[in-house]
Protein chains: 2
Amino acid sequence: MYVVMVYDLEAERTHKALKIGRRYLTHVQNSVLEGEISKGDLERLRNEIDELLQPGESAILYEISSDSLVNRTVYGDDPTDDQRFL
Amino acid sequence: MYVVMVYDLEAERTHKALKIGRRYLTHVQNSVLEGEISKGDLERLRNEIDELLQPGESAILYEISSDSLVNRTVYGDDPTDDQRFL
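Residues numbered from 1 in each chain as written. Chains lettered and ligands numbered in written order. Predicted model: local features only at pLDDT ≥ 70, side-chain atom pairs only at ≥ 80, totals over all residues. Heavy atoms only, no water.

Chain A is annotated in an unreviewed UniProt entry as CRISPR-associated endoribonuclease Cas2 from Salinadaptatus halalkaliphilus. Quoted verbatim from the Cofactor (unreviewed entry) heading of the UniProt record, the comment on chain A is "Mg(2+)". According to the UniProt record, the Sequence similarities (unreviewed entry) comment for chain A is "Belongs to the CRISPR-associated endoribonuclease Cas2 protein family." (UniProt positions renumbered as here; feature names shortened; annotations may be inferred.)

## Focus on the UniProt feature "binding site: Mg(2+)" (unreviewed entry) in chain A
Residues annotated by UniProt as "binding site: Mg(2+)" (unreviewed entry) correspond here to Asp8 of chain A. Its location among the elements puts Asp8 of chain A in strand β1 (residues 2-8). By relative accessible area, Asp8 of chain A is classed as partly exposed at 22%. With sequence-adjacent residues up to four places away left out, Asp8 of chain A is seen in contact with Gly56, Glu57 and Ser58 of chain A together with Gln29 and Asn30 of chain B. (Helix = DSSP H or I, 4+ residues; strand = E, 2+ residues; numbered from the N terminus. Buried < 20%, exposed > 50% of the residue type's maximum accessible area, 1.4 Å probe, protein only. Contact = heavy atoms within 4.5 Å.)

## Examining the relation of the copies chain B and chain A
Between chain B and chain A, which share one sequence, the superposing operator has a rotation angle of 180° and an axial displacement of 0.0 Å; the RMSD is 0.0 Å. Between the two chains, the operation in question is that of a two-fold axis. If distances are taken from each C-alpha of chain B to the rotation axis, the shortest is found for Ser68 of chain B, at 2.8 Å. A share of 100% of the interface residues of chain B reappears at the interface of chain A, consistent with the copies meeting face to face through the same patch. (Least-squares fit on C-alpha atoms with pLDDT ≥ 70 in both.)

## Considerations on the environment of Glu34 of chain B
Among the structural elements, Glu34 of chain B can be located in strand β3 (residues 32-36). Through-space distance from the C-alpha of Glu34 of chain B to that of Tyr24 of chain B is 8.7 Å; in sequence the pair is ten residues apart.

## Considerations on the pattern of salt bridges
Enumeration according to the criterion identifies eight salt bridges over all chains in this entry. With its nearest N and O atoms 2.7 Å apart, the salt bridge here joins Glu57 of chain A to Arg13 of chain A. One end of the pair, Glu57 of chain A, is in the loop between α2 (39-52) and β4 (58-64); the other, Arg13 of chain A, is in the loop between β1 and α1 (14-22), and 44 residues separate them in sequence. For the pair Glu57 of chain A and Arg13 of chain A, one class covers both residues: buried. Close ionic contact of Arg44 of chain B with Asp41 of chain B constitutes a salt bridge, the shortest N to O distance being 3.0 Å. You can see Arg44 of chain B and its partner Asp41 of chain B sitting in helix α2 (residues 39-52), three residues apart, about one turn around the helix. For Asp41 of chain B, a relative accessible area of 27% puts it in the partly exposed group. (Salt bridge = Lys/Arg side-chain N within 4 Å of Asp/Glu carboxyl O.)

## As for the confidence of the model for chain A
Residue and element names in this part refer to chain A. Mean pLDDT for chain A: 86, with 84% of residues reaching 70 or above. For chain A, per-element mean pLDDT is lowest for strand β5 (residues 69-76), which scores 74, and highest for α1, which scores 96. With pLDDT under 50 throughout, residues 82-86 is counted as low confidence; its partners more than four residues away or in other chains account for 13 contacts. (pLDDT = per-residue confidence, 0-100.)

## Concerning the environment of Thr26 of chain B
All names here are of chain B. With respect to the helices, strands and loops of the structure, Thr26 is situated in strand β2 (residues 26-29). Between the alpha carbons of Thr26 and Glu36 there is a distance of 9.1 Å; along the sequence they are ten residues apart. When residues no more than four places from it in sequence are discounted, the contact partners of Thr26 are Val32, Leu33 and Glu34.

## Notes on the interface of chain B and chain A
Counting from both sides, the interface comprises 36 residues of chain B and, opposite them, 36 residues of chain A. Between chain B and chain A, the buried area comes to about 3000 Å², and carbon and sulfur atoms account for 53% of it. Connecting chain B to chain A are zero salt bridges. Put simply, chain B and chain A have six residue pairs in polar contact (both at pLDDT 80 or more) between them. Among the secondary structure elements, those contributing two or more residues to the side of chain B that touches chain A are β1 (2-8), β2, β3, α2, β4 (58-64) and β5 (69-76) of chain B. When residues of the side of chain B that touches chain A are assigned to their parent elements, the largest contribution, eight residues, is made by β5 of chain B. For the side of chain B that touches chain A, a count of residues per class yields 19 nonpolar, nine polar and eight charged. (Buried area = accessible area lost by both parts, 1.4 Å probe. Polar contact = N/O pair within 3.5 Å; in protein donor to acceptor, adjacent residues only side chain to side chain. Nonpolar A, V, L, I, M, F, W, Y, C, P; charged D, E, K, R; others polar.)

Now the structure itself:
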């Protein structure tokens, strides 16, 4: 499973979401992580993020079957310098 | 085609990316838009975003074939109040 995670937390708390996300995914842009993840790790990620969030904060997880992400294109300066097509 | 777009611009310029994105997609979170888009509109979106970005800024477009987004889950407070499964 390929997952893209985006989050929006209070400024002084964003590092907490990043810390959790980095255990399972790759940080690709401010507030965005992505990567291949196992079912078990996805479950752990879900639980940790769900527990972290406070009112007014949110995170979205897009689960994509691994072979069906048609195109991933980075415009501008890619922080990860990674223009891979999946 | 279903597209998720995330962007990271200088704070005082983010509204410009949002303005372009909103012409084609739905704003679902701070710096994140998504939605169904035609090939023609996707091309227009690409060109407008590419033209907008300055050094150090970036945008990522994930193109997903419409039936392969397995799950979209929002944790915390959904700004769009939209928990749809696609």
